[in-house]
Amino acid sequence: MNKRLLAAFLTALLLLSGCSQPLMSPATSNEETATTDTSEAKTDAGTTNAKQTTYPTDDLNLPRVAVELVKAVDGDTISVMFEGKKENVRMLLVDTPETSHPKLGVQPFGPEAKAFTKELVEQADRLELEFDIGPNRDKYSRLLAYVYADGKMVQESLLEEGLARVAYIYPPNTRYVDKFDDLQRISRDKGLGIWSVENYAQEDGFHPEEQDDTNTNKNNNKNNNNDTAATQAPTEKSQPSKQACDIKGNINSKGEKIYHTPESPYYERTKQEQWFCSEEEAEQAGFRAPLK
């Protein structure tokens, strides 16, 4: 009798322990689900943070006009058939070096910019123009537009390659100027194209003479450094302290005296020939601010 009771007791214990085991599974499943949801939320947050530098103009989907290409005139100008007439189109908000200017002739990186634009527009299956809200013609009767080759804006591509600078900003035709400024900053920081030559691309245009001056100055500086090292120790006078006087005065090959404050986008690339402690001091010395 006792043996039967003992056997029954042990059987009951086994059944209870077996039944109690699955009770933990739902809790474990819930924890795993919560962990998965948290991981997915973190992933979504990371993806959102990765999408930086968005612009109000990114999703405008504005109307464009399809045109037929006649030829590429320059890096920033093309000729097209528009409304049954041959028209020259000047690309808004950018400027590329010249290739056939009657006075300026061929400028450094001009042929590269023209070849780049030529390839984009000639290879495109679809060429389109987008107009801004202001005047759609300039004083030379050229159309002013954003040019798209197979959906990609040519102005953006030129800026990304360092073959154009942001210029001719005349409101209200400034729809993409913020994005263009950022693209220019990136290519300038990388030293691409026109930004590979110090002081070549400036606020008032291109300065081909800077390319020759840069090479000449490098050679002269090298020789001067060798002579100085052989005859005397360097003095602090050759590099004034910038703690109090940080405005750079530069004289270009045309003899123009231009000063640059630390806020100027060309400050880091400007070779100082004289330091000033204030803009007033620079102006009294005959220097002017950069043209905008």
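Parameters at a glance
Residues numbered from 1 in each chain as written. Predicted model: local features only at pLDDT ≥ 70, side-chain atom pairs only at ≥ 80, totals over all residues. Heavy atoms only, no water. Disulfide = S-S within 2.5 Å. Helix = DSSP H or I, 4+ residues; strand = E, 2+ residues; numbered from the N terminus. Buried < 20%, exposed > 50% of the residue type's maximum accessible area, 1.4 Å probe, protein only. Salt bridge = Lys/Arg side-chain N within 4 Å of Asp/Glu carboxyl O. Phe/Tyr/Trp six-rings, centres within 6.5 Å; stacked < 30°, edge-to-face > 60°. Lys NZ or Arg CZ within 6 Å of the ring centre and 35° of its normal. Core = buried A, V, L, I, M, F, W, Y, C linked by side-chain atoms within 4.5 Å. Contact = heavy atoms within 4.5 Å. Pairing = 2+ DSSP bridges. Expected span 1.5 Å × (residues − 1).

Peer 1: How should the state of the cysteines be read in this particular structure?
Peer 2: Working definition: the covalent bond between the sulfur atoms of two cysteines is a disulfide. This model, assessed by the stated rule, comprises one disulfide. The disulfide partner of Cys245 is Cys277, and the gap between their sulfur atoms is 1.7 Å. On the sign convention where negative is left-handed, the bridge of Cys245 and Cys277, at about 40 degrees about the S-S bond, is right-handed. Pair noted here: Cys245 is in the loop between helix 6 (209-231) and strand 11 (247-251) and Cys277 is in the loop between strand 13 (274-276) and helix 7 (279-284), with a separation of 32 residues, a long-range link. Judged by relative accessible area, Cys245 falls into the buried class, the value being 17%. A relative accessible area of 41% means that Cys277 is categorised as partly exposed.

Peer 1: Sorry if this is basic, but what is going on with the pattern of salt bridges here?
Peer 2: When the charged atoms of two side chains lie near each other, side chains of opposite charge can form a pair. One pass over the full model with this rule turns up 15 salt bridges. The residue Glu128 makes a salt bridge to Arg126 at a minimum N-O spacing of 2.9 Å. Overall, Glu128 belongs to the buried group, its relative accessible area being 10%. The exposure class assigned to Arg126 is partly exposed, which follows from its relative accessible area of 44%. Its salt-bridge partner being Asp182, residue Arg185 comes within 4.0 Å of it at the nearest N-O pair. Placement of the pair is Arg185 and Asp182 together in helix 5 (residues 177-190), with a separation of three residues, close to one helical turn.

Peer 1: So what exactly am I meant to see when it comes to the packing of aromatic side chains here?
Peer 2: The description of an aromatic ring pair rests on the distance of the ring centres and on the angle between the ring planes. Evaluation of the coordinates by the stated rule reveals eight aromatic pairs. When the centroid spacing of 6.2 Å and the interplanar angle of 25 degrees are considered together, the rings of Tyr176 and Phe180 count as stacked. Judged by its relative accessible area of 7%, Tyr176 is buried. Note on Phe180: relative accessible area 0%, which makes it buried. Aromatic pair Tyr200 and Phe206: ring centres 5.4 Å apart, planes at 35 degrees, arrangement tilted. For the pair formed by Tyr200 and Phe206, the shared burial category is buried. Connected via pairs of aromatic rings, a cluster forms that spans Phe109, Tyr200 and Phe206. The lysine or arginine in question, Arg64, covers the ring of Tyr148, its NZ or CZ lying 3.6 Å from the ring centre. A cation over a ring is seen here: Arg188 above Trp195, with NZ or CZ 5.7 Å from the ring centre.

Peer 1: Could you clarify how one ought to interpret the nonpolar core in this entry?
Peer 2: It is characteristic of soluble globular proteins that their nonpolar side chains tend to be buried jointly. With 33 residues, the main nonpolar core has Ile78, Val89, Leu127, Leu129, Tyr146, Val147 and Phe180 as its most contacted residues. Broken down by secondary-structure element, the contributors of at least two residues to this core are strand 1 (65-72), strand 2 (77-82), strand 3 (85-91), helix 3 (110-123), strand 5 (127-130), strand 6 (143-149), helix 4 (154-160) and helix 5. The contact partners of Phe180, leaving out residues within four places of it in the chain, are Leu92, Leu93, Val94, Tyr146, Met153, Gln155, Glu156, Leu159 and Val166. One finds Phe109, Val197, Tyr200 and Tyr266 within the second-largest nonpolar core, a separate group that totals eight residues.

Peer 1: For this particular structure, what's the right way to read the pairing of strand 5?
Peer 2: Regular strands place side chains that alternate from one sheet face to the opposite one. Here strand 5 shows a buried face lined by Leu127 and Leu129 and a second buried face lined by Glu128 and Glu130. In this sheet, strand 5 lies alongside strand 1 in antiparallel orientation, the contact comprising three bridges. In the sheet register, Val67 faces strand 5, and the bridge partner there is Leu127. Of the strand pairs in this sheet, strand 5 and strand 6 are connected by four bridges, and their pairing is antiparallel. By the bridge assignment, Leu127 is partnered in strand 6 with Ala149.

Peer 1: Looking at this model, I keep getting lost on unusual backbone geometry. Mind explaining?
Peer 2: Outside of glycine, negative phi angles account for most residues, and trans bonds account for most peptide bonds. Note the cis peptide between Pro171 and Pro172, where omega equals 5 degrees. Here Pro172 lies in the loop between strand 8 (165-166) and helix 5. In this structure, Asp150 takes a positive phi of about 50 degrees despite not being glycine. Mapped onto the elements, Asp150 comes out in the loop between strand 6 and strand 7 (152-153). With a relative accessible area of 45%, Asp150 lands in the partly exposed category. Despite not being glycine, Asn199 has its phi angle at roughly 65 degrees, a positive value. Relative to the helices and strands, Asn199 resides in the loop between helix 5 and strand 9 (201-202).

Peer 1: Would you take a moment to explain helix 3 for this structure?
Peer 2: For an α-helix, 3.6 residues make a turn, and residues three or four places apart therefore share a direction. In a regular helix each residue adds 1.5 Å, so 14 residues correspond to 20 Å; helix 3 covers 20 Å between its end C-alpha atoms and thus fits that length. Looking at the buried side of helix 3, the elements it contacts are strand 1, strand 2, strand 3, strand 5 and helix 4.

Peer 1: Looking at this structure, I do not really get the side chain of His207. What am I missing?
Peer 2: Following the sequence through the fold, His207 ends up in the loop between strand 10 (205-206) and helix 6. Discounting residues that sit within four places of it in the chain, His207 has contacts with Asn199, Tyr200, Gln202 and Asn252.

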